[in-house]
Amino acid sequence: MLRTLLPLFFLLLPLAEIACFILVGRRIGLLPTLSLVILSAVVGIGLMRIQGFGVLTRLRRSGQDGHAPGKELLDAAMILIAGILLLIPGFISDIVGLALFLPPVRTFLWNRLMRNVVVVNVGGMRPGREQPQTEPQRTIDLDENDFHRGDRP
């Protein structure tokens with residue numbers, strides 16, 4: 001199903017963007033429409049820079065505290081996607097991009113995503129904690145004649 005919806009989405013999105021350009025252009029005129037497109041790209045670059053530095057700070061702090069930086073990484077990815085959407089000319093992509101810059105929207109998406117994700121800690125310890133005692137690993141060294149697959153005479 002996703003295989004049919006994804007190409008359809010990429011076909012219909014540009015058509016919807018063109019329709020929005022026509023509607024907005026008829027309502028406010030050509031130059032104001034083009035100005036809005038350029039303004040959205042400039043605002044996107046500025047927001048991506050400001051919020052990107054904030055996410056990097058939270059990411060570094062999370063690493064120093066020994067926490068898994070999952071939410072911060074998703075925030076960084078969503079801010080990057082939001083900036084790209086604001087750089088793409090079009091009003092629909094601008095609305096989605098501006099929505100992704102809002103922290104409540106990113107938190108909502110994080111909560112929706114975490115419903116389907118299981119996080120497993122594979123032996124990682126927080127800094128400052130004592131490492132667990134483990135048994136020494138045993139290595140079994142086999143010669144070529146000692147190992148075989150399946151039924152071999």
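Described in the following lines is the structure provided in the data block. Please read these numbers as outputs of a predicted model, since none were measured by experiment.

Here is what the cut-offs are and how they apply
- Residues numbered from 1 in each chain as written.
- Predicted model: local features only at pLDDT ≥ 70, side-chain atom pairs only at ≥ 80, totals over all residues.
- Heavy atoms only, no water.
- Patch = residues over 30% accessible without salt bridge, like charges linked within 9 Å, V, L, I, M, F, W, Y side chains within 5 Å.
- Areas by Shrake-Rupley, 256 points an atom, 1.4 Å probe, with all protein chains shown as cover.
- Salt bridge = Lys/Arg side-chain N within 4 Å of Asp/Glu carboxyl O.
- Lys, Arg positive; Asp, Glu negative; His and termini not counted.
- Charge placed at Lys NZ, Arg CZ, Asp CG, Glu CD.
- Helix = DSSP H or I, 4+ residues; strand = E, 2+ residues; numbered from the N terminus.
- Buried < 20%, exposed > 50% of the residue type's maximum accessible area, 1.4 Å probe, protein only.
- Phe/Tyr/Trp six-rings, centres within 6.5 Å; stacked < 30°, edge-to-face > 60°.
- Polar contact = N/O pair within 3.5 Å; in protein donor to acceptor, adjacent residues only side chain to side chain.
- Axes fitted to C-alpha atoms, helices over the stretch in contact; angles between N-to-C directions.
- Parallel < 35°, antiparallel > 145°, perpendicular 65-115°, else oblique.
- Contact = heavy atoms within 4.5 Å.
- Nonpolar A, V, L, I, M, F, W, Y, C, P; charged D, E, K, R; others polar.

**Considerations on a negative patch on the surface**
Step number 1: A grouping of Asp141, Asp143, Glu144 and Asp146 is seen on the molecular surface, where their side chains present a negatively charged patch.
Step number 2: Within the secondary structure, Asp143 is located in the segment after α5 (103-114).
Step number 3: Of the residues examined, Asp143 reaches a relative accessible area of 53% and is grouped as exposed.

**A closer look at a nonpolar patch on the surface**
Step number 1: On the surface, a nonpolar cluster with roughly 810 Å² of combined accessible area is contributed by Met1, Leu5, Leu8, Leu11, Leu12, Leu15, Ile18 and Ile22.
Step number 2: Here Ile22 lies in helix α1 (residues 2-28).

**A short note on the packing of aromatic side chains**
Step number 1: One pass over the structure, following the stated rule, counts two aromatic pairs.
Step number 2: Measuring from ring centre to ring centre gives 5.5 Å for Phe9 and Phe10, while their planes differ by 70°; the resulting arrangement is edge-to-face.
Step number 3: Given the relative accessible area of 45%, Phe9 is considered partly exposed.

**Considering the side chain of Arg106**
Step number 1: Counting through the fold element by element, Arg106 comes out in helix α5.
Step number 2: At a separation of 2.8 Å, a polar atom in the side chain of Arg106 contacts the side chain of Gln51.

**Here we look at the packing of helix α4 (residues 91-101) against α5**
Step number 1: Relative to each other, α4 and α5 sit at 85°, their axes nearing to 5 Å. Comparing their axes, α5 and α4 come out roughly perpendicular. Across from Ala99, Leu100 and Phe101 in α4, the residues of α5 making contact are Pro103, Val105, Arg106 and Leu109.
Step number 2: Its residues placed into classes, the contact of α4 with α5 shows six nonpolar, no polar and one charged.

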